[in-house]
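Chains, contacts and geometry: an overview
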Amino acid sequence: MNSIVSAIGWHMVGAASAASFYAPIGKVKKWSWETTWAVAGIFSWVLLPIVVSFCLLPDFRAFYAALDSSVVLKAFLFGCMWGVGNVNYGLTMRYLGMSLGIGIAIGTTLVVGTLLPPFLHGQFLFLFTSNNGLVTLAGILVALVGVGVVTYAGHQKEQQLGLTAAEFDLKKGLMLALMCGFFSSGMSFAIDASKPMEQAALQLGVDPLYAALPSYVIIMGGGALVNFAYCIGRLVMKSELSFRADCSQPMAVNLRNGLLAATGGTMWYLQFFFYAWGAANIPQNLSYVNWMLHMSGYVLFGGLVGLALGEWAHVKRRPIVILWIGMLIIILAANLVGLGMAI
């Protein structure tokens with residue numbers, strides 16, 4: 001039971017970091033979003049995965065040289081898949097608005113990233129033929145309901161505050177949100193595909209809590225390639241954007257912006273650092289619940305962070321009550337998953 005509590009607890013710590021990472025990035029001034037995102041990404045997708053793995057592995061270069069190239073390629077390509085979903089979030093919100101766009105994308109990511117890996121491993125029937133499978137499946141469905149309720153509350157908030165999508169288009173927005181959600185689940189597929197890397201780290205004596213972290217060098221490298229290509233392409237192609245103009249700001253501005261972007265990037269990385277800790281406490285035959293716990297926790301803490309930052313300050317009571325109901329449903333879902341693991 002203690003390991004189950006630890007698993008859910010660490011997943012919630014990671015989810016809280018994921019829900020909060022944009023707070024410092026949102027305070028960056030006089031830099032384009034592309035420059036800010038790229039600087040944050042240097043820390044989250046490149047420096048931290050490499051530095052952490054370098055500290056964990058007895059021989060950094062030999063570890064990666066000895067890996068099966070097909071495993072590395074799969075993890076890298078799934079990382080690229082996540083990167084495509086990541087850069088499409090902006091378009092999703094452009095056509096549906098913040099709450100609807102993110103809600104539909106996250107709902108899709110939660111379902112696809114949770115259920116497809118066990119299906120591909122031939123474990124899908126386990127969900128329907130065992131008591132713990134049925135209970136954890138119920139937890140997944142309840143989590144999806146909770147995400148929907150929180151999304152509805154956010155949509156109500158946007159309507160009250162007069163916030164609308166820049167170019168609202170339901171048909172185009174839904175298509176993009178579903179595509180965004182599917183591609184974003186690439187991170188779940190990448191983590192699943194990189195299990196042999198985790199086993200290799202364990203054989204070298206790396207603590208089970210940290211054994212998944214070396215795989216992030218490959219996974220996040222794939223995501224970094226797509227994200228950096230997008231940001232650099234935007235900065236080069238768009239005349240109103242310029243990395244040189246961003247960097248020509250006074251030294252104090254650049255230093256402040258760099259520290260804020262680095263803080264946001266570090267918090268982004270920490271979500272998966274603690275994801276690994278949570279996953280290390282969950283039995284292998286139930287590993288599919290890791291993604292569900294992370295994504296539902298992300299929505300839960302996203303709501304709490306929004307309340308803490310005053311985003312709901314001028315909203316009437318009804319949407320806030322709906323938000324709390326949705327967050328309580330997500331908490332119930334986490335408890336159902338815990339119960340399913342304990343059976």
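Here, the structure is the one placed above.
Below is a summary of the structure that appears in this document. (Residues numbered from 1 in each chain as written. Predicted model: local features only at pLDDT ≥ 70, side-chain atom pairs only at ≥ 80, totals over all residues. Heavy atoms only, no water.)

1. Examining the overall build of the protein chain
Regarding its fold elements, the protein chain presents 17 helices and zero strands. At 20 Å, the protein chain has a C-alpha radius of gyration in line with the 20 Å of a compact globule built from 343 residues. Considered along the principal axes of its C-alpha atoms, the protein chain spans approximately 50 × 50 × 35 Å. The contacts of the protein chain with a sequence gap of at least 6 include a subset with a gap of at least 24, amounting to 85%. Surface exposure of the protein chain reaches about 15800 Å², of which carbon and sulfur atoms provide 69%. Where the 17 positive side-chain charges of the protein chain centre and where its 12 negative ones centre are 10 Å apart. (Helix = DSSP H or I, 4+ residues; strand = E, 2+ residues; numbered from the N terminus. Rg over C-alpha atoms; globule rule 2.2 N^0.38 Å. Contact = heavy atoms within 4.5 Å. Areas by Shrake-Rupley, 256 points an atom, 1.4 Å probe, with all protein chains shown as cover. Lys, Arg positive; Asp, Glu negative; His and termini not counted. Charge placed at Lys NZ, Arg CZ, Asp CG, Glu CD.)

2. Regarding the packing of aromatic side chains
With the rule as written, the count across this model stands at 26 aromatic pairs. Aromatic pair Phe-78 and Phe-189: ring centres 5.6 Å apart, planes at 65 degrees, arrangement edge-to-face. With a gap of 111 residues between them, Phe-78 in helix H5 (residues 69-87) and Phe-189 in helix H11 (residues 186-193) connect regions that are remote in the sequence. Arranged with centres 5.4 Å apart and planes meeting at 45 degrees, the rings of Trp-82 and Trp-268 form a pair that is tilted. Of this pair, Trp-82 sits in helix H5 while Trp-268 sits in helix H15 (residues 251-280), and the two are 186 residues apart along the sequence. (Phe/Tyr/Trp six-rings, centres within 6.5 Å; stacked < 30°, edge-to-face > 60°.)

3. Describing the layout of surface pockets
Each pocket or cavity is described by its volume, and for the second largest pocket that value is around 430 Å³. Around the second largest pocket sit 30 residues that line it, and Asp-192, Lys-195, Gln-284, Ser-287 and Asn-290 are the ones nearest its centre. Put simply, the parts of the chain that give the lining of the second largest pocket at least two residues each are helix H7 (98-120), H11, helix H12 (195-203), helix H13 (216-237), H15 and helix H16 (289-308). (1 Å grid on protein atoms, 1.4 Å probe; cavity = no way out; pocket = protein on both sides within 12 Å on 5 of 7 lines; lining within 4 Å. Points joined across faces, edges and corners; volume = space filled by probe spheres on them.)

4. Thoughts on the pattern of salt bridges
Under the definition given, this model contains three salt bridges. Here Glu-311 ties to Lys-157 by a salt bridge, and the two come within 4.0 Å at their closest N and O atoms. Note that Glu-311 is positioned in the loop between H16 and helix H17 (317-342) and Lys-157 in helix H9 (residues 131-160), a separation of 154 residues in sequence. Using a relative accessible area of 12% as the deciding quantity, one classes Lys-157 as buried. As a salt-bridge pair, Glu-198 and Lys-195 come within 3.5 Å of each other at their nearest N and O atoms. (Salt bridge = Lys/Arg side-chain N within 4 Å of Asp/Glu carboxyl O. Buried < 20%, exposed > 50% of the residue type's maximum accessible area, 1.4 Å probe, protein only.)

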